Amino acid sequence: MTRLAPLSPADPESDRTAGDSPADGRTPAGWWHARWVMPLALALGYVLNVLFRLALVREQDYPTVSPDEPMYLVMARILAGRSTTEIPNDQVIPAGYSLLISPALRITEDPVYAYHLVMGINALISCLVLPLAYWALRRLNVSRAVSYIAACAAVLLPPVVFYSQFGMADTPLPALVLAWLIGVHGMLSEGSRRRRIWFALLGAFAAGYCLLTHDRGGVIIALTGLVLLVTLVLGWAPRIAAALGLGLLAAMFAAKQAMTAWMMSHVDGAKPSEVGNVVFETLENTRLMRRTIMRTIGHIWYFMTSTWGLGALALVVCVCAVLSPRFTRANRVVAFLMVALLGGIALAAAAGLPNDHRIDTIVYARYLSLLVPAYVLVAVAVLFHIRGWKKIVALGAASAGVTLALTAVLLHMAGKQLPKSHFILWGLPDSTFLSSLWSDDWRSFHGARTTAVALIVFLVLLALRLLGGSRRAGLATGAVGVVLAVFAGWATVAITDQVTVPNMKSRYGDATGFIEKSGLRRGDRLVMDRAFRWETRVTMGYEVIDGRTWTRSLIKGEAVPAEANVAVLNRFDDTSPAAATWPGVPAGWHIDRDVPEDHYVIWRRG
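Note that the structure is predicted; figures quoted are calculated from it, not measured.

Visitor: A description of the state of the cysteines should follow, citing residues and the corresponding values.
Guide: A disulfide bridge is the covalent bond that connects two cysteines by way of their sulfur atoms. According to the stated counting rule, one finds zero disulfides in the structure shown. There is no disulfide at C318, and the cysteine sulfur nearest it, in C320, is 9.3 Å away. Using a relative accessible area of 2% as the deciding quantity, one classes C318 as buried. Using a relative accessible area of 28% as the deciding quantity, one classes C320 as partly exposed.

Visitor: Can you break down the pairing of strand β6 (residues 589–595) residue by residue, with the values?
Guide: Each regular strand displays side chains that alternate between the two surfaces of the sheet. Examined bridge by bridge, β6 and strand β7 (residues 600–605) share six bridges and lie antiparallel to one another. Following the sheet pairing, D594 is matched in β7 by V601.

Visitor: Tell me about the confidence of the model for the protein, and please be specific about residues and values.
Guide: Per-residue pLDDT for the protein has a mean of 91; in total, 94% of the residues score no lower than 70. Highest mean pLDDT in the protein belongs to helix α8 (residues 173–188) (98); lowest belongs to strand β2 (residues 271–272) (78). Contacts from residues 1–18, a stretch scored under 50 in pLDDT, to residues over four places away or in other chains number 50 contacts. Taken together, the stretch residues 21–28 has pLDDT below 50 and engages in six contacts with residues farther than four places along the chain or on a different chain.

Visitor: Lay out the side chain of R465 with the relevant residues and their values.
Guide: With respect to the helices and strands, the residue R465 is situated in helix α20 (residues 447–468). Overall, the relative accessible area of 0% leaves R465 in the buried class. A distance of 2.5 Å separates the side chain of R465 from the backbone oxygen of L383, its partner in a polar contact. Contacts of R465, omitting those with residues within four sequence positions, involve L383, I386, R387, I392, A473, A476, T477 and V480.

Visitor: Report on the sheet that holds β7, specifying residues and quantitative values.
Guide: The five strands lie next to each other as β4-β3-β5-β7-β6, forming an open sheet whose pairing is mixed. In this open sheet, the two strands that pair with only one neighbour each are β4 (548–552) and β6. With strand direction ignored, the average angle separating the axes of adjacent strands in the sheet is 25 degrees. Of the strand pairs in this sheet, strand β3 (residues 525–529) and strand β5 (residues 566–570) are connected by three bridges, and their pairing is parallel. Each bridged residue has a counterpart across the sheet, and for V527 the counterpart in β5 is A567. Packing of helix α23 (residues 534–543) onto the sheet brings it into contact with β3 and β4, and relative to β3 it is tilted by some 170 degrees.

Visitor: Tell me about the packing of helix α5 (residues 129–139) against helix α6 (residues 144–156), and please be specific about residues and values.
Guide: Closest axis-to-axis distance for the α5/α6 pair is 8 Å, and the angle between their directions is 140 degrees. Here α6 runs oblique to α5, going by the angle between their axes. Considering how the two elements wind past one another, α5 and α6 form a crossing that is right-handed. Residues V129, L130, A133, Y134, L137 and R138 of α5 touch α6, and the partners they reach there are R144, S147, Y148, A150, A151, C152, A154 and V155. Taken together, the residues of the contact of α5 with α6 break down into 11 nonpolar, one polar and two charged.

Visitor: Before we move on, can you summarise unusual backbone geometry with the specific residues and values?
Guide: Glycine aside, residues mostly have negative phi angles, and peptide bonds mostly take the trans form. Across the junction of S66 and P67, the peptide omega takes the value 5 degrees, indicating a cis bond. The residue N89 is not glycine, and still its phi comes out positive at about 65 degrees. With respect to the helices and strands, N89 occurs in the loop between α2 (68–79) and β1 (91–92).

Visitor: Would you mind going over the packing of aromatic side chains in detail, with residue names and values included?
Guide: All chains considered together, the criterion is met by 22 aromatic pairs. By the ring-pair criterion, three or more aromatic residues cluster together here, those being F162, Y163, F166 and W426. Across the ring face of F199, the terminal group of R139 is positioned such that the distance to the ring centre comes to 4.9 Å.

Visitor: Run through the pattern of salt bridges, naming residues and quoting values.
Guide: By the definition in use, this model includes 17 salt bridges. Where D170 meets R366, a salt bridge forms, and the shortest distance between an N and an O atom there is 2.7 Å. One end of the pair, D170, is in the loop between α7 (158–162) and α8; the other, R366, is in the loop between α16 (359–362) and α17 (372–385), and 196 residues separate them in sequence. Each member of the pair D170 and R366 is classed as buried. The residue R604 makes a salt bridge to D592 at a minimum N-O spacing of 3.7 Å. With R604 in strand β7 and D592 in strand β6, this pair connects stretches of sequence that are 12 residues apart. Linked through salt bridges whose partners overlap, the residues forming this network are D68, D170, R216 and R366.

Visitor: Explain the environment of V322 to me, and be specific about the residues and the numbers.
Guide: Within the secondary structure, V322 sits in helix α14 (residues 310–323). With a relative accessible area of 28%, V322 lands in the partly exposed category. For the pair V322 and A562, spaced 240 residues apart in the sequence, the C-alpha separation amounts to 62 Å. Apart from residues lying up to four places away in sequence, V322 is in contact with R332, A335 and F336.

Visitor: So what's going on with the side chain of T296? Residues and values would help.
Guide: Tracing the chain through its elements places T296 in helix α13 (residues 289–306). In this structure, T296 is in contact with A346, L347 and A350, ignoring residues within four places of it in sequence.

Visitor: Give a description of the environment of N570 that names residues and reports values.
Guide: Tracing the sequence through the fold places N570 in strand β5. Taking the C-alpha atoms as reference, N570 lies 55 Å from W135; in sequence the two are 435 residues apart. When neighbours within four sequence positions are excluded, N570 is seen to be in contact with A531, F532, R533, T581, H599 and Y600. Only 2.6 Å separates the side chain of N570 from the backbone oxygen of A531, close enough to count as a polar contact.

Visitor: If you had to explain the packing of α8 against helix α15 (residues 329–352) to someone new, which residues and values would you point to?
Guide: Relative orientation of the contacting elements α8 and α15 amounts to 150 degrees, with a least axis distance of 8 Å. One finds that α8 runs roughly antiparallel with respect to α15. Where α8 crosses over α15, the handedness of that crossing is right-handed. On α15, the residues that touch W180, L181, V184, H185 and L188 of α8 are A330, N331, V333, V334, L337, M338 and L341. Here the residues of the contact of α8 with α15 sort into 10 nonpolar, two polar and no charged.

Conventions we followed
Residues numbered from 1 in each chain as written. Predicted model: local features only at pLDDT ≥ 70, side-chain atom pairs only at ≥ 80, totals over all residues. Heavy atoms only, no water. Disulfide = S-S within 2.5 Å. Buried < 20%, exposed > 50% of the residue type's maximum accessible area, 1.4 Å probe, protein only. Pairing = 2+ DSSP bridges. Helix = DSSP H or I, 4+ residues; strand = E, 2+ residues; numbered from the N terminus. pLDDT = per-residue confidence, 0-100. Contact = heavy atoms within 4.5 Å. Polar contact = N/O pair within 3.5 Å; in protein donor to acceptor, adjacent residues only side chain to side chain. Axes fitted to C-alpha atoms, helices over the stretch in contact; angles between N-to-C directions. Parallel < 35°, antiparallel > 145°, perpendicular 65-115°, else oblique. Left-handed = near helix turned anticlockwise from the far one by under 90°. Nonpolar A, V, L, I, M, F, W, Y, C, P; charged D, E, K, R; others polar. Phe/Tyr/Trp six-rings, centres within 6.5 Å; stacked < 30°, edge-to-face > 60°. Lys NZ or Arg CZ within 6 Å of the ring centre and 35° of its normal. Salt bridge = Lys/Arg side-chain N within 4 Å of Asp/Glu carboxyl O.

The structure is reproduced here in structure tokens:
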């Protein structure tokens, strides 16, 4: 098996590897190796990708994914110093992402303009995958040209772009994971003591901020702590580097706890997230073991198909790297982290997700999306370094075998459950794109067809690499990167048109549409009956930026908050008068407007 990188990484001063030719400026292509070329190319690529993302979300004016987006946006609102309000589900989740987007809610009280700013921040954060991907491939001794092309492909991958189109914590995670892996790899690679300390701090900070961003960060911080402890004990790196990394990791954990406590003190009736408790309770329940295993396999299967087989190729090589002493220690440890994180998150997600009878709970796309760029980049590095058509074919066969085996086990275990489960198009963007079945029907999920198309794409990429042989491996891998970038861009646009845009249009009535029809004004304080449409209730916590919201069982006589001046209640019977929507209405309230087409009535105090 060919090593993914030599014993020493690329020289950081010269930024050259074995894949690059000397840069003396006397050759026709000497300009390519000038120091200014790659920074300029990365800056240009970054700007173009930001503009591409902004073009995709140009019509998005409001959150559409409930309750996730409103939860992050409400926390961002509070972190921005705005008035407190209720939070969906009354649970405080990690607020690291909300902190990043909070400047948008400091600038304006207009929910539409603020959401546009959030999308802009998302684009800036998401496109950090480009320089980080380039840096990662250079550390794996891939040539500058191939590294740049592959990085451009990685930043266009649908799982990277899709979740950045919403106000969700999945936006920064792919970049954070790349920074984390680069930090660990640099700490364990040869280099000066000072340099390895900085890499250790980078890895620890990225791992800690993953924890501040989402509960998945718990798996990352645990693995990071393990690696740093082993490094400290065995002296794999300067012990001061491992010690400082552990210190920063502990500080980030403390920061997360402090941020959660602060947030809970500013949200009425809030409680901490219970995801961790649910995970451990499920794992301890032997009666749910089959369901947990089925979901774990389903999540990993989705990951392999959403990476078009390249994820399976990277997994095979990472397992080989962990077991083989022919790889460098840095590569072996990073390979272990990638495999452990894939399995750990898949297992935790399988145990933590509710029993909501949805297909995407069985084959969830979102939770493993943070690893998509890392796995694709490792696959590209393998194709660049491997020599000999027999090895390429053997790796391709093993990768296809892993994907097919996962498909077979998934369809066997979930075959009877899938037809009884709900199909949510938003939850299955990649598999829906591959199968080209876009309707909201469970028959739109076709596991075998998704696998077949993913493997066809994989075989095309592998065939391109085989055409280059051993002598033109770099050129062939570059061609693979170009095809991958084009296909990723097409897939991203198709998913945006078929999933993101329709989902956005369908939620208009829960956001801007409700604001317009209800006649809400600046400074209004809205109380909503608990029987009122759930999607609208959770969205209003963000939309009413300059006021606040409550949820109460008004129809059952629950007391109205003293500060509330507007109320909304369902109109269950269109034949009854609007006044009948609120039996026992308190004194001082009157009907402000009746919206019969949407079956609700707006009441106003005074």
